[in-house]
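# Coordinate inspection notes
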Amino acid sequence: MKSIAVYCGSSKGSNPVYASQARALGKALVAHNLKMVYGAGNVGLMGVIADAMLDAGGYVIGVIPDFLKEKEVCHGGLQELVVVDSMHERKVQMTALSDGVIIMPGGYGTLDELFEILTLVQLGQEDQPIGILNVNGYFDHLIAQVQRMHADRFLKQIHLDMIKASTDIEDLITQLVAYKPKGSQGKWLD
């Protein structure tokens, strides 16, 4: 594993623990010699994690749609910047440039990115580990919902197991780095 896509909020959220954990994640990625691919923002948790990585000597690749770059939310200090035409193309490029995914707290966009990569892996279009950094219990209800989807037979166990969730950064990175590609995730229908 050489690079991790990180999806997180363009806001810092209401609790300082979110920014604190974003900084810690950035430093941990550098310590593990992992590049970060992210949405290229200089705001919110996106900006916090990018700054932490850059301050620690890490390598950061940003992918941003032109319309967001024009709104001046683009980080100016990245080693690589990929400008695309749309939000959809942003996700495609971020997936192509990364070997795994970490989700941190965020809003609709973060959940969209999470469920898109989960769906791509479930359908066998991608094969990479997906981790949720469950800061401050932020994803407890989402994890419970996914477990409900499994209990009610909308997801098989193999698809439930695609998500690696942890409250501990080192544990989560260890799980993702240890991931072995599995090929097809099995039939998703009965």
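Here the structure is shown first, and the text comes after it.
Anyway, here's the lowdown on the structure attached to this text. (Residues numbered from 1 in each chain as written. Predicted model: local features only at pLDDT ≥ 70, side-chain atom pairs only at ≥ 80, totals over all residues. Heavy atoms only, no water.)

Here we take up the overall build of the chain. A count of helical and extended segments in the chain gives eight helices and seven strands. Relative to a compact globule of 190 residues, whose C-alpha radius of gyration would be 16 Å, the chain shows 16 Å and is just as compact. Overall, the chain is about 50 × 35 × 30 Å in size when its C-alpha atoms are taken along their principal axes. Here the chain holds 190 residues, and 44% of them are scored as buried. In the chain, 70% of the contacts between residues at least 6 apart in sequence involve partners at least 24 apart. Within the structure as shown, the chain displays about 9,400 Å² of accessible surface, and the carbon and sulfur contribution to it stands at 52%. Positive and negative side-chain charges in the chain, numbering 16 and 21 respectively, have mean positions lying 4 Å apart. (Helix = DSSP H or I, 4+ residues; strand = E, 2+ residues; numbered from the N terminus. Rg over C-alpha atoms; globule rule 2.2 N^0.38 Å. Buried < 20%, exposed > 50% of the residue type's maximum accessible area, 1.4 Å probe, protein only. Contact = heavy atoms within 4.5 Å. Areas by Shrake-Rupley, 256 points an atom, 1.4 Å probe, with all protein chains shown as cover. Lys, Arg positive; Asp, Glu negative; His and termini not counted. Charge placed at Lys NZ, Arg CZ, Asp CG, Glu CD.)

The contact between helix 1 (residues 16-31) and helix 2 (residues 44-55) brings their axes to 8 Å, and the two run at 35°. Helix-helix and strand crossings are classified by hand; for helix 1 and helix 2 the assignment is right-handed. Here helix 1 contributes Y18, A19, A22, R23, L25, G26, L29 and V30 to the contact with helix 2, which in turn contributes L45, V48, I49, A52 and M53. Grouping the amino acids of the contact of helix 1 with helix 2 by side-chain chemistry returns eleven nonpolar, one polar and one charged. (Axes fitted to C-alpha atoms, helices over the stretch in contact; angles between N-to-C directions. Left-handed = near helix turned anticlockwise from the far one by under 90°. Nonpolar A, V, L, I, M, F, W, Y, C, P; charged D, E, K, R; others polar.)

In summary, soluble globular proteins display a tendency toward joint burial of nonpolar side chains. The biggest cluster of nonpolar side chains holds 32 residues, and the ones touching the most others in it are V6, L25, L29, M36 and I102. Taken together, the elements giving at least two residues each to this core come down to strand 1 (3-7), helix 1, strand 2 (35-38), helix 2, strand 3 (60-65) and helix 8 (169-177). Counting residues in each nonpolar core, the second largest holds 22 residues, with V84, M94, I103 and F139 among its members. (Core = buried A, V, L, I, M, F, W, Y, C linked by side-chain atoms within 4.5 Å.)

What follows deals with the sheet that holds strand 5 (residues 101-103). Spatial strand order, 4-3-2-1-5-6-7: seven strands in an open sheet with parallel pairing. For this open sheet the edge positions go to strand 4 (80-84) and strand 7 (163-166), each flanked by a neighbour on one side alone. Between one strand axis and the next, the sheet turns by 25° as a mean value, whatever way the strands run. (Pairing = 2+ DSSP bridges.)

On to the layout of surface pockets. Of the volumes computed, that of the largest pocket is approximately 310 Å³. With four residues, the top contributor of residues to the lining of the largest pocket is helix 5 (residues 108-122). Reported here for the second largest pocket is a volume of approximately 150 Å³. Contributing elements (two or more residues each) for the lining of the second largest pocket: helix 5 and helix 6 (140-151). For the lining of the second largest pocket, the element with the most residues is helix 5, which contributes four residues. Across the lining of the second largest pocket, the residue classes break down as seven nonpolar, three polar and no charged. (1 Å grid on protein atoms, 1.4 Å probe; cavity = no way out; pocket = protein on both sides within 12 Å on 5 of 7 lines; lining within 4 Å. Points joined across faces, edges and corners; volume = space filled by probe spheres on them.)

Pairing between strand 1 and strand 2: three bridges, direction parallel. Looking at the pairing, A5 lines up with V37 of strand 2. Regarding topology, helix 1 serves as the crossover connection from strand 1 to the parallel strand 2, and that connection is right-handed. Of the pairings in the sheet, the one linking strand 2 to strand 3 comprises three bridges and is parallel in character. Directly across from Y38, in strand 3, lies its bridge partner G62. Chirality of the crossover, the property in question, places the unit of strand 2, helix 2 and strand 3 among those that are right-handed. (Right-handed = clockwise from strand over helix to strand, strands pointing away.)

Honestly, it's all geometry; don't read function into it.
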